[in-house]
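# Fold and geometry: a report
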Amino acid sequence: MKIRILIGLLLGLYSFLFLAEFSFAEYGDIILNSKAESMRKAGVNDVMFPHWFHRIRFKCKVCHEDIFILKAGANDINMSLIMNGEKCGKCHNGIIAWEPLYCERCHSWEPGWSPGVVQYSKKIAK
Ligand code: HEC
Ligand code: HEC
Ligand code: HEC
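What this report covers is the structure whose coordinates are included nearby. This structure is a prediction, so every number in the text was calculated from the model and none was measured.

Next up on the list: the site of ligand 2. Residues in contact with ligand 2 amount to 18 residues; listed here are only the nearest, H54, C88, C91, H92 and R105. The separation between a nitrogen atom of ligand 2 and a polar side-chain atom of H54 is 2.8 Å. At a separation of 2.8 Å, a nitrogen atom of ligand 2 approaches a polar side-chain atom of H92. Only strand 2 (47–49), helix 3 (51–55), helix 4 (60–63) and helix 6 (103–106) provide two or more residues apiece to the shell around ligand 2. Taken together, the residues that form the shell around ligand 2 break down as 15 nonpolar, two polar and one charged.

Attention now goes to the coordination of the iron atom of ligand 1. Coordination sphere of the iron atom of ligand 1, protein contribution only: H51 (NE2) and H64 (NE2), at 2.0 Å. Each of the six donor atoms bound to the iron atom of ligand 1 contributes to angles spanning 87 to 180°, and the resulting shape is octahedral. Of this pair, H51 sits in helix 3 while H64 sits in the loop between helix 4 and helix 5 (79–83), placing them 13 residues apart in sequence. By relative accessible area, H64 is classed as partly exposed at 25%.

Next up on the list: the coordination of the iron atom of ligand 2. Within the protein, the iron atom of ligand 2 binds to H54 (NE2) and H92 (NE2); these donor distances fall in the range 2.0 Å. Relative to the metal, the six donor atoms surrounding the iron atom of ligand 2 lie at angles of 87 to 180°, and the coordination shape comes out octahedral. One end of the pair, H54, is in helix 3; the other, H92, is in the loop between helix 5 and helix 6, with 38 residues separating them in the sequence. In terms of burial, H54 and H92 fall into one category: buried.

Here the structure, examined in full by the defined rule, presents one aromatic pair. An angle of 80° between the planes, with centres 6.3 Å apart, marks the rings of W98 and Y102 as edge-to-face. Take Y102: its relative accessible area is 36%, and that puts it in the partly exposed class. Against the face of F53 rests R57, its NZ or CZ located 3.6 Å from the ring centre.

With that out of the way, let us pick up the site of ligand 3. Around ligand 3, the surrounding shell holds 22 residues, and the nearest of these are K35, M79, C103, C106 and H107. In this structure, an oxygen atom belonging to ligand 3 sits 2.9 Å away from a main-chain N or O atom of S34. Within the backbone of K35, one N or O atom sits 2.7 Å away from an oxygen atom of ligand 3. Put simply, the parts of the chain that give the shell around ligand 3 at least two residues each are helix 2 (36–42), helix 5 and helix 6. It is helix 2 that contributes the most residues to the shell around ligand 3, three residues altogether. Looking at the shell around ligand 3, its residues break down into 15 nonpolar, six polar and one charged.

Conventions we followed
Residues numbered from 1 in each chain as written. Chains lettered and ligands numbered in written order. Predicted model: local features only at pLDDT ≥ 70, side-chain atom pairs only at ≥ 80, totals over all residues. Heavy atoms only, no water. Near = heavy atom within 4 Å. Polar contact = N/O pair within 3.5 Å; in protein donor to acceptor, adjacent residues only side chain to side chain. Helix = DSSP H or I, 4+ residues; strand = E, 2+ residues; numbered from the N terminus. Nonpolar A, V, L, I, M, F, W, Y, C, P; charged D, E, K, R; others polar. Donors = N, O, S within 2.8 Å, 3.2 Å for Na, K, Ca; no water. Tetrahedral: all angles 85-135°; square planar, octahedral: opposite > 155°, others 65-115°. Buried < 20%, exposed > 50% of the residue type's maximum accessible area, 1.4 Å probe, protein only. Phe/Tyr/Trp six-rings, centres within 6.5 Å; stacked < 30°, edge-to-face > 60°. Lys NZ or Arg CZ within 6 Å of the ring centre and 35° of its normal.

As structure tokens, then:
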């Protein structure tokens, strides 16, 4: 009897966690393009930040709000900050994750991309 209650509780917990994950599902990948003009000039595409990829690896509080303010477009990110170990560079420093040398890994947005991609930053309309 006690085992059944335990199993019931575990299943309940599991479905709760499952649904909790689902309720965040609309926050998919995030396009960062407030600096679109300078990115165009430098010949790189907009940044497609794979939010989900990071969320399954880190607790929310690792990034929010010590590294990134939890508000669309509120984070003023640029390459010198990243190269100096701030923002994405807190991890993309060759120790926790690869160094910011591989431009196209982050600047990977392609024109016409949309499914599952939420465009948070609309400072510069295309
Ligand atoms: C690796 C760092 C990282 C982790 C971990 C992370 N996020 Fe984020 N999150 C970001 C970045 C970067 C943005 C984009 C902010 C911007 O647009 O300036 C963002 C944006 C968001 C937004 C959008 C805010 C808005 O105004 O629409 C929400 C909501 C969010 N995150 C929730 C979460 C939750 C919930 C978790 C944990 C399950 C999480 N994040 C984990 C980096 C992270
Ligand atoms: C809390 C640490 C952390 C922060 C902050 C962070 N990343 Fe990452 N990121 C990682 C790790 C770890 C990986 C996996 C590295 C590996 O596989 O070697 C990764 C992988 C990636 C990938 C590759 C995803 C794939 O499908 O392979 C991209 C793109 C990326 N990060 C972009 C960003 C951008 C853009 C930012 C800033 C907005 C950022 N990251 C901030 C830890 C972080
Ligand atoms: C770890 C992810 C990542 C990598 C790798 C990366 N960038 Fe960026 N880059 C960003 C993010 C995030 C922004 C801010 C985008 C925004 O908010 O509009 C940015 C912004 C920029 C900008 C505009 C702002 C500025 O600082 O001038 C340029 C130009 C740029 N990147 C060029 C490059 C080049 C060239 C490389 C390769 C040497 C590179 N980036 C590699 C994430 C990355």
